[in-house]
Amino acid sequence: MESIFIEIAKHSFVVAVMLLIFVGFVLALFQISKMYLSKIKNDSIANVQCMKAEIDKDVLRIENTLNAQSSEMNGVKERLHVLSNSVNSSNSRSVEISQKIDLILVKLGSDPIKMAQDK
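Fair warning: this is a prediction, and the values are worked out from it, not measured in the lab.

> I would appreciate a short explanation of the overall build of the protein in the present structure.
Along the protein, the regular secondary structure elements total two helices and zero strands. For the protein, the residues scored as buried account for 2% of the 119 residues in total. Of the accessible surface of the protein, which amounts to about 11,100 Å², a share of 66% is contributed by carbon and sulfur atoms.

> Teacher, can you tell me more about a nonpolar patch on the surface here?
Among the surface-exposed residues, L19, F22, V23, F25, V26, L27 and L29 lie close enough to one another that they form a single nonpolar patch of about 680 Å² accessible area. Structurally, V23 can be placed in helix α1 (residues 2-107).

> Help me understand the pattern of salt bridges in this model?
Opposite charge on two side chains makes pairing possible when the charged atoms of those side chains draw close. Considering all chains together, one arrives at three salt bridges under this definition. In this structure, R61 and D58 form a salt bridge, with 3.9 Å as the shortest nitrogen-oxygen distance. A residue pair is termed a helical-turn pair when its members lie 3 or 4 positions apart in one helix, as R61 and D58 do in helix α1 at three residues.

Rules and cut-offs
- Residues numbered from 1 in each chain as written.
- Predicted model: local features only at pLDDT ≥ 70, side-chain atom pairs only at ≥ 80, totals over all residues.
- Heavy atoms only, no water.
- Helix = DSSP H or I, 4+ residues; strand = E, 2+ residues; numbered from the N terminus.
- Buried < 20%, exposed > 50% of the residue type's maximum accessible area, 1.4 Å probe, protein only.
- Areas by Shrake-Rupley, 256 points an atom, 1.4 Å probe, with all protein chains shown as cover.
- Patch = residues over 30% accessible without salt bridge, like charges linked within 9 Å, V, L, I, M, F, W, Y side chains within 5 Å.
- Salt bridge = Lys/Arg side-chain N within 4 Å of Asp/Glu carboxyl O.

Have a look at this one:
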């Protein structure tokens, strides 16, 4: 009867050692997986930070370009206003001169329309 208990104890010890080896293997696998996932996470974070830096640089470049174009557009607008004022001034002076010429011709007794037709 004692030999049965000894055989059971031997088998139990073997099963316990095998179970301990299996648990150790599973824990080692877990640690390796955890390290691998941690490395992937750190690489992903580094990649995201690099992309963010590139995007920030691109945004800054675009903002600078837009500011430069806005300044250029304001300069063009100012020049157009000056040109418009100059054209308006020239038109009004032209009308004034035309009216003065007509007045002078009327004072001289000539009809400007008749003079134009005669020519």
